[in-house]
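Residue strings, one per chain:
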Amino acid sequence: MHTIRRTILILAAGCTMMAAARADEPPTFERDVRPILKAYCLDCHGAGEQLKGKLDLRLARSARRGGKSGPAVVAGQPEESLLLIRVQAGEMPPTEKKVPPGQAAILERWIAAGARTLRDEPASLPPGIDITPEERAFWAFQPIRRPNPPPVRPEDRARTPIDAFLLAKLHERGLAFAPDADKLTLARRAAFDLTGLPLSRAQLEAFLNDPDPLAYERLLDHLLASPHSGERWARHWLDVAGYADSDGNGNDDSPRPYAYKYRDYVIRALNADKPLDRFLIEQLAGDELVPRPWRNLKPDQVETLAATGFLRTAVDGTSTGAPDEPLAANQVVADTLKIVGSTFLGLTVGCAQCHDHRYDPIPQSDYYRLRAVFEPALDPAHWRRPAQRLVSLYTDADRARAAAVEVSAAKLEQAYRVKAEKYLAEALETELAKFPQAIRGQLRDAFKTPEGRRTGDQKRLLAAHPSVNITPGVLYQYNQAAADDLKKDRARIDAERAKKPVEDFVSVLDEVPGVLPETRLFHRGDHRQPQQRVGPADLTIAAPAGPRYEIAAKDGRLPTSGRRLAYAKHLVDGRHPLVGRVLANRIWLHHFGRGLVETPGDFGVLGTRPTHPELLDWLADELVRQGWSLKRMHRLIMTSTVYRQSSRRHPADPENAGYSRYPVRRLDAEALRDRILAVSGRLDPTPFGRAVPVEEDSVGQVLPANDSARRSIYLEVRRTKPVSFLSAFDAPVMAVNCERRLASTSAPQSLMLMNSDFMLNHAGTLARRLRAETPANPGRAQPNLDPTIARAWQLVYQRPISLEEADWARAFVTAQLETVGRGGNGGDRELAVLTNLCQQLLTSNEFLYVD
């Protein structure tokens, strides 16, 4: 409901603004009316082969001709136009979503002005909704061209072409950049931007004391080389990829034990500055890059296969079986296409699954052409559950070693069986001696007969005399010494088998060999109603200067279909109108808190328009020229004046629409938790590996198991058990994916900072660290906490304490010493006071925000 309401409001607002801008111009069908009809009417009156009421609204001429009820539009006579009458009465469309009054007013003006068109209309149209010249002219579908940076003046302080584009807009409003930020602010900003962690004291002091004008550039190089930069920027990518460590299959929410290998792939790729074109290709088609058979895989081949985890992030309801597996499998495909569409194309392609997209020029047939690209690997007719998509990493050497170990263990096992039979036989004879001679032979025969071959009489006889049922497990009751031998022998056998190499796996998206499924358009998106066949292709609108990019059904040079590989290479050929813009916008977003397009997953009609379109195109082109290097783009953006300026607010630009200052931003959830761990001295920097499990405590808070202090990116992302601290600060719960995090301010955040065990425990840990790192004050009746307080400011804020802050801190400590009882912290009142002070610092705006 929220999405529908947002859609209506945005469309209404957009049309209202267009109407206001063209108040002096008569509306035209192509420019003003058709978008309204497409959003509300053409699904019934133009999109399908069967026209309701035989009314076709795709052309102004056919609207005037009308249908069963007569003309829908009477030029110059709004009061006689049945289309307008029914829209204004709320009768059309016959769904809950009605035409907003502002758009109905446009229809009325258009009819009153003569129902004009911009050009002569075709004599006929093929079935479905075509793509009009007006839709093709939309900004996002134009070829990327490299504009020349506007001229700048010496006093503008422009350092890069980025600054020139922004200054041109600022000058139009009589604005300029804010002064440069001081070195401390800039260092903290850069460190959290690139690594999500504070600089060490030594690193910070080295930078602050370096008078070289290029000291900042050297700092950036140091941060870009840090392995923590890959962890930081991988978190951004994993959001849009929809990464999770569980399948999301209802309450089971089955763990994905090998999903972490995709996470680690992303971190390693970004640390190595893998070119983004290769990064994209591997995620969409890594399996098509690694030749089969997949035995004795090299580390780089395993990484390439792990990259396909991008296409396995969607919720998978088939994990443990589903009541309707075809339905669940098709939903996996649909969600995967949504992720691909928003990540690489910046479009809501999923809205064309059931019908032509109501707002963007994406026909339903294009949606299924895109599906055909992926269907050989995501084929509901030959569906494979997650456990069936695992590739063993056992090498021939591993298998040989395992076989040798098994031979050795089998010898020990044979010796164990001989010894066990001897001991059991001895115990049996000892026990049989207790029975009458007449039944000893019967009991012996029944015992020695294999269980599956015993007669009914034998079973009843043994049941009546249970003491004869002697097994190695109960041998100790008859011969303790024999049982202890056997126990040691079993331990040796287990120890021997433990020498086998552990079999590891990687989760891979690949195709079913030899199967090329047909992709058919589903009527109303219903997989039970397949219609015409479609072939693999890119979106028609993504080819602004030529025909749609079509892909062969089978690449004869490859053992696979080659569809995904061909599509991935097409996306990064440098000519695609969307991919470069989308990637450049995401990079900008994570440096400034908002994109040049503020809807990074929707570059379509309902998305926002770019605030600086020339800059966006320049960045998209520059990304290709820089060899698709993310680190070079980081350096380019972060050496610009717009990035290096202070956050001082300008009264003429209160919302910072023109980038007249650097935006103050709250740390995201993971960076906040990691910063708390770092300043308290607990942060575990161990990289990679299996996710740290999460668990609920006694009050229902979800926490890392064993109070793990590893970076937040390594915590398990369990869809049904999001880590409470992270979710309170807007970490996403992955239903599909997260195109952009929206920072909220809520009461639960304050409660989490004030009352959670995580905050209280780490405030105490920080207090103990402070006391350990500052000199003691023996023999004083009243402890001198000044050195400890000063050290607290250095650790938490990375700067010296001011005189005013020192006075406040002393007053706080004095008041706390008078009120804090001797019960807390084992009676250590000073530690209790320090803990309270540390909590104040860890919950302060200066700690939570970066400027």
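On a predicted model such as this, the values are computed, not experimentally measured, just so you know.

### Concerning the packing of aromatic side chains
Tallying each qualifying case throughout the model produces 26 aromatic pairs. Taken together, a centroid distance of 5.3 Å and an interplanar angle of 35° make the contact between W139 and F603 tilted. A residue pair is termed long-range when its members are at least 10 positions apart, and W139 in the loop between α6 (133-136) and α7 (161-172) and F603 in the loop between α22 (579-592) and α23 (613-625) qualify at 464 residues. The residues W139 and F603 share a single accessibility class, namely buried. Ring centres of W793 and Y797 lie 5.7 Å apart, and the angle between their planes is 80°; on these two criteria the pair is classed as edge-to-face. Here Y797 and W793 lie together in helix α30 (residues 786-797), a separation of 4 residues that amounts to about one turn.

### Notes on the pattern of salt bridges
Enumeration over the complete set of coordinates arrives at 81 salt bridges. Between K338 and D335 there is a salt bridge whose closest N-O contact spans 3.9 Å. Here K338 pairs with D335, and both are found in helix α15 (residues 325-345), just 3 residues apart, close to one helical turn. Here R771 and D828 are joined by a salt bridge, their closest N and O atoms 2.5 Å apart. Note that R771 is positioned in helix α29 (residues 757-773) and D828 in the loop between α31 (803-819) and α32 (829-842), a separation of 57 residues in sequence. With relative accessibility at 30%, the residue R771 sits in the partly exposed group.

### Focus: the packing of helix α18 (residues 437-448) against helix α19 (residues 456-464)
At a minimum axis separation of 9 Å, α18 and α19 run at an interaxial angle of 105°. With respect to their mutual orientation, α18 and α19 come out roughly perpendicular. From α18, Q442, L443, D445, A446 and F447 reach across to α19, where they touch Q458, L461 and L462. Its residues assigned to classes, the contact of α18 with α19 comprises 5 nonpolar, 2 polar and 1 charged.

### Describing the nonpolar core
Counting residues in hydrophobic clusters, the biggest one holds 127 residues, and the most contacted among them are I162, W237, L284, F310, F374 and W588. A per-element tally of this core places α15 first, with 9 residues. With residues up to four places along the chain from it excluded, the contact list for F374 reads L284, L311, L337, V340, R564 and Y567. In this structure, A709, V723, A731 and C838 belong to the second largest nonpolar core, which totals 50 residues.

Here is what the cut-offs are and how they apply
Residues numbered from 1 in each chain as written. Predicted model: local features only at pLDDT ≥ 70, side-chain atom pairs only at ≥ 80, totals over all residues. Heavy atoms only, no water. Phe/Tyr/Trp six-rings, centres within 6.5 Å; stacked < 30°, edge-to-face > 60°. Helix = DSSP H or I, 4+ residues; strand = E, 2+ residues; numbered from the N terminus. Buried < 20%, exposed > 50% of the residue type's maximum accessible area, 1.4 Å probe, protein only. Salt bridge = Lys/Arg side-chain N within 4 Å of Asp/Glu carboxyl O. Axes fitted to C-alpha atoms, helices over the stretch in contact; angles between N-to-C directions. Parallel < 35°, antiparallel > 145°, perpendicular 65-115°, else oblique. Contact = heavy atoms within 4.5 Å. Nonpolar A, V, L, I, M, F, W, Y, C, P; charged D, E, K, R; others polar. Core = buried A, V, L, I, M, F, W, Y, C linked by side-chain atoms within 4.5 Å.

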